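Results of the structural survey
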Amino acid sequence: ATFVVHIDEAGCEGFRFAAGSSKWFVLSAVITRKVKDQETIKLADSVRKQLGKPEKKPLHFRDLRHEQRLPFIGQIAMADLRTVSVLVHKPSLKRPEKPHERYRLYFWSLRYLFEQVSLCCKDHRTQNDSGNGSAEFIFANRSGMSDKEMREYLHLLRDKTDSSNVRIDRSIIKPDQIRVYTTGKRMGLQVADAVASSFFYAVEPSQYGYTENRYVRILKPTVYHREGHIIGYGVKFCPHEAHKILKAEELFGWV
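Since the model is a prediction, treat every value here as computed from it, not as a measurement. (Residues numbered from 1 in each chain as written. Predicted model: local features only at pLDDT ≥ 70, side-chain atom pairs only at ≥ 80, totals over all residues. Heavy atoms only, no water.)

Quick look at the overall build of the protein chain
In terms of regular secondary structure, the protein chain is built from seven helices and six strands. Tracing the protein chain from N to C terminus, the helices and strands come up as β-β-α-α-β-α-β-α-β-α-α-β-α. The C-alpha radius of gyration of the protein chain comes to 17 Å, within 12% of the 18 Å expected for a compact globule of 255 residues. Long-range pairs, those at least 24 residues apart, make up 76% of the contacts in the protein chain with a sequence separation of at least 6. Within the structure as shown, the protein chain displays about 12900 Å² of accessible surface, and the carbon and sulfur contribution to it stands at 47%. (Helix = DSSP H or I, 4+ residues; strand = E, 2+ residues; numbered from the N terminus. Rg over C-alpha atoms; globule rule 2.2 N^0.38 Å. Contact = heavy atoms within 4.5 Å. Areas by Shrake-Rupley, 256 points an atom, 1.4 Å probe, with all protein chains shown as cover.)

Structure follows, in structure tokens:
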């Protein structure tokens, strides 16, 4: 593989909003070249030392205080990587998932993430790259989900490419290059967790009605774009109906 893509999420998949389910679900990818993958390890170690955290203790963004999150995000913003995020406004979905439909929301979001990652990797391939231009995918472990389920879903997407308006580059995304680890086992997943959480905090109001968009504004240099366009490339909002909310509410002025 030429690229390594670490993927993590923020928010929940539930639809019981009155009972505490989040209105937003975020899936984020952190993309690096495989030859530079060690730099993500150095990044996480550097942040841990800066914050005075114990060696090898995983960094969980939600467990950090605001003043600790800022230097973490600041170091990600200066790193040689690209980020892609899919933000789903669950109340805008016309056909919300049913309890018996296993991981439907996650896989639906993942389809769009794979498409955007395909574009990003394709745009950043060069003749001097090592590897065959494909990407190795590292997922954060999800309770009850197996590597096999992830690969089967990717096979399904690849089969539907072109015929069902699915746009995935088969030369970049390969089912046999999917791995699942716990966050503590891969430093890149700690970076992906920070990115996904940052976008989640930028759209999901706290119990007091406030959002925090400072993290995503700091991360802007890392966000994948085409000819200066970020929305629809490095940041994708779903479904299309969600765009009405973005325009109507002041909380989303950062967009």
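Moving on from the model shown.
A closer look at the environment of Arg65
Residue position: Arg65 is located in the loop between helix 1 (38–51) and helix 2 (66–77). Taking C-alpha positions, Arg65 is 33 Å from Val35, a pair spaced 30 residues apart along the chain. Within the structure, the side chain of Arg65 is placed 2.8 Å from the side chain of Glu67, a separation counted as a polar contact. (Polar contact = N/O pair within 3.5 Å; in protein donor to acceptor, adjacent residues only side chain to side chain.)

Let's talk about the packing of helix 3 (residues 104–124) against helix 4 (residues 147–160)
Interhelical geometry of helix 3 versus helix 4 gives an angle of 55° and a closest axis separation of 11 Å. The orientation of helix 3 relative to helix 4 falls into the category oblique. Crossing geometry of helix 3 relative to helix 4 is assigned as right-handed. Taking contact as the criterion, the partners of Tyr106, Phe107, Trp108, Leu110, Arg111 and Phe114 in helix 3 are, on helix 4, Glu149, Met150, Tyr153, Leu154 and Leu157. (Axes fitted to C-alpha atoms, helices over the stretch in contact; angles between N-to-C directions. Parallel < 35°, antiparallel > 145°, perpendicular 65-115°, else oblique. Left-handed = near helix turned anticlockwise from the far one by under 90°.)

Quick notes on the packing of aromatic side chains
Applying the stated rule across the entire model yields 19 aromatic pairs. Between Trp24 and Phe237, the aromatic rings sit 6.0 Å apart at their centres with planes inclined by 75°, giving edge-to-face as the arrangement. Taken as a pair, Trp24 in strand 2 (residues 24–33) and Phe237 in strand 6 (residues 235–238) lie far apart in primary sequence, 213 residues in all. The burial state of Trp24 is the same as that of Phe237; both residues are buried. For the ring pair Phe61 and Phe72, a centre distance of 6.1 Å and an interplane angle of 50° mean the geometry is tilted. Taken together, the residues span a long stretch of sequence, with Phe61 in the loop between helix 1 and helix 2 and Phe72 in helix 2 at a distance of 11 residues. A relative accessible area of 0% means that Phe61 is categorised as buried. Taking the relative accessible area as the measure of exposure, Phe72 reaches 0% and is therefore buried. Chaining the aromatic ring pairs together yields one cluster made of Trp24, Phe199, Phe237, Phe252 and Trp254. (Phe/Tyr/Trp six-rings, centres within 6.5 Å; stacked < 30°, edge-to-face > 60°. Buried < 20%, exposed > 50% of the residue type's maximum accessible area, 1.4 Å probe, protein only.)

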